[in-house]
Every structure is written in C-alpha cells, then in structure tokens.
Amino acid sequence: MAYDRIHTLEEETVDDLRANLKDKKRVVVKIGSSSLQHMETGDLDYTKMDILVRELCNIRNQGKDVILVTSGAIGCGRKALHLKPPLTLAQKQACAAIGQARLMTTYQRIFSEYSHQAAQILMTRHTIVSDLNRRNAQNTFHELLRMEAIPIVNENDTTSTFEVEDVIGDNDTLSALVTALTGADLLILLSDINGLYTDDPRQNADAKFIERVDTLTDELISMGKDTTGSSVGTGGMETKLTAAKIATYSGADMVIANGADVRVIHRIMEGRNYGTIFKANKNENFDFAQFVDELHK
C-alpha cells in the first residue's frame, strides 16, 4: 500500500507550514498522564511540570493566548490513596475527585512562581452538545483569556464517565474540542510517541514516520490503532486522528509530538521539525458539537 500522497506538498512546503506556527495567536497544548508522572512510582514529575509551566508562561509572555488540557487526576488520586489497579468505575471517580484538587494545587503553585494566573475549567460531553452550556463555556474561556489567565482544562471525571471508560480518549478529543470551541489556531498534542506512523512502531519495525498530513483520508484514519504504549493513559492513535479531524476541520493546525521533553513546545512553535504536522483544512459545514454527540451514540 502506498502512502506517498500523505506526504504530497500542496501550496506550501513543509518548512513554510512549520514556519507559520510562530505566528499563531491562540495555542492549545494537551499533555497526558504518562508525560506527567514518574513511571516507576506513579508520583508527579515536578521537574517536568515546572518546565511545562515555564513553556506555557513564555507563550503567554509573547502576547499569545495559551490553554492547557491536562490529564492526571485519576493517577494522582490513586497514588494519594495508595490504590493499585484495576479500579472500579466508582473508585476511579473518587480518585479523580481527590487527584484533581491535588493536581490543580500543584499547577497553581508553579504558575504563581512565574507570575501568571491559572484557572480551572472542568468539562463534560454536555458542555459541548448543549447549546447553552457551550455558550457559557465559550464566554468563560474568552473572559479568562482577556484577563491573560491560563485556563487549565480536564474532563470532570467525578460526574462524567466518558473519558474514564475510554470513550473520549485521554483528553485527545477534549483538547480538539477546546480548540474548536475557543477558535484556537494551533493544537499541540504531547504524546508518548514521536508522531504518526504507518503502523505501530513498537510492534512493526518497518513502520514509517509521517512528517506531514495535508488531508485526512479514510486510508489515513484506518491506520489509527486503538492502542497506547502506556498503562497510565487511555488514548491511542485512533483518538489522536479523531482530534486531528476536529481541529483541522475547525481551522487549526495540529502537531503530534513526543512529550518526553516538554521543551519540544517552543521548538515546535519556532518552526523546527518535530512531530507530525496536520494542516488546517477548515470545513464550514463541520459541526463539532454534533460530531461529538454522534461520537458517543
């Protein structure tokens, strides 16, 4: 099977597309559980969190809007309660209730060290599919960004079971919905893999790295595997391609990159060649609220 057309350059070169990232005005960054914790212990990696916050504050200092979508609440709560998997759904929700408070306290403490305000926004599927809730969420985001605060978003796992039951997918889809909801022009998904491949590189040594995607084709979407290389996160490449559809159809470029070193954020925004870049392909007929509603039926 040939994948050459995935690499086909249209009106822009790869360098031009990446170079334009420095001009983005509103950036959403998503980081997963596996990128926030020490794999050996499950404890939060404070060094990595500090670097992440510094990267986000530096984006804000450039006069750009920045939003963080973060996982980690369940893992943080599970560690605090000394629980070992597998957990029941109720246990996961209880862990989220405890862990979200701890996670947000840590974020706020670090953000304050760099003289920035962090704000918590917890969302559910109904935040998106309900017209009234969606407008209220948009108003909240826009006012926080006007105030130069940095919204920190997570799914409300204490009351919503979509992400807990692996339907939304480790906040990949949520981050794309936040991108569409706020009119952001760039989404950066930090993952435990370098980007998109023709197959799972952990299982297939012949898998080829895909540097750029101009158009999401059925062939490309079929390459998404509902697997993940980590026992901490819940989202695989399939959810990232779903996120790419939402983000690019809403008019944003998207980059999937390895979050092992979160300093990759500023490298991406400088136009350097990291990860897989998905070109924005705005579709005026795309209704992201209807899309997510149908996604869960």
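Calculation criteria
- Residues numbered from 1 in each chain as written.
- Predicted model: local features only at pLDDT ≥ 70, side-chain atom pairs only at ≥ 80, totals over all residues.
- Heavy atoms only, no water.
- Axes fitted to C-alpha atoms, helices over the stretch in contact; angles between N-to-C directions.
- Helix = DSSP H or I, 4+ residues; strand = E, 2+ residues; numbered from the N terminus.
- Parallel < 35°, antiparallel > 145°, perpendicular 65-115°, else oblique.
- Contact = heavy atoms within 4.5 Å.
- Nonpolar A, V, L, I, M, F, W, Y, C, P; charged D, E, K, R; others polar.
- Salt bridge = Lys/Arg side-chain N within 4 Å of Asp/Glu carboxyl O.
- Buried < 20%, exposed > 50% of the residue type's maximum accessible area, 1.4 Å probe, protein only.
- Core = buried A, V, L, I, M, F, W, Y, C linked by side-chain atoms within 4.5 Å.

**Student:** Can you help me understand the packing of helix H3 (residues 73-81) against helix H4 (residues 89-113) in this one?
**Tutor:** Angle between the axes and distance between the axes are the two parameters that describe a pair of packed helices. For the pair H3 and H4, the least separation of the axes is 6 Å and the interaxial angle reads 95°. Between H3 and H4, the angle is such that the two are roughly perpendicular. When H3 is examined against H4, the residues Ala73, Ile74, Cys76, Gly77, Arg78, Ala80 and Leu81 are found in contact with a partner set consisting of Lys92, Cys95, Ala96, Ile98, Gly99, Gln100, Arg102 and Leu103. Per-class residue counts for the contact of H3 with H4 are nine nonpolar, three polar and three charged.

**Student:** How should the environment of asparagine 58 be read in this particular structure?
**Tutor:** On the secondary structure map, asparagine 58 appears in helix H2 (residues 46-61). Sequence separation between asparagine 58 and tyrosine 114 is 56 residues, and the spatial gap between their C-alpha atoms is 9.3 Å.

**Student:** Explain the pattern of salt bridges to me, please; I cannot follow it from the model alone.
**Tutor:** Once their charged atoms are close, side chains differing in charge can pair, the charge on each being opposite to the other. Overall, the coordinates contain 17 salt bridges when judged by the stated rule. Two residues, glutamate 143 and arginine 146, come together in a salt bridge whose shortest N-O distance is 2.5 Å. In this pair, glutamate 143 and arginine 146 both sit in helix H6 (residues 131-146), three residues apart, roughly one turn of the helix. Residue glutamate 143 is classed as partly exposed on the basis of its relative accessible area of 33%. Residue classification places arginine 146 among the exposed residues on the basis of a relative accessible area of 58%. Taken together, the shared-partner salt bridges connect Arg26, Arg60, Asp65 and Glu148 into one network.

**Student:** Would you take a moment to explain the nonpolar core for this structure?
**Tutor:** Across soluble globular proteins, nonpolar side chains have a tendency to be buried as a group. Met123, Val153, Val178, Met254 and Phe278 are the most contacted members of the largest nonpolar core, which totals 46 residues. No other element matches helix H9 (residues 237-249), which puts seven residues into this core. The contacts of methionine 254, once residues within four sequence positions are left out, are Leu186, Leu187, Leu189, Lys240, Ala243, Ala244, Ala247, Thr276, Ile277 and Phe278. Of all hydrophobic cores here, the second largest spans 36 residues; its members include Val27, Leu68, Tyr107 and Val255.

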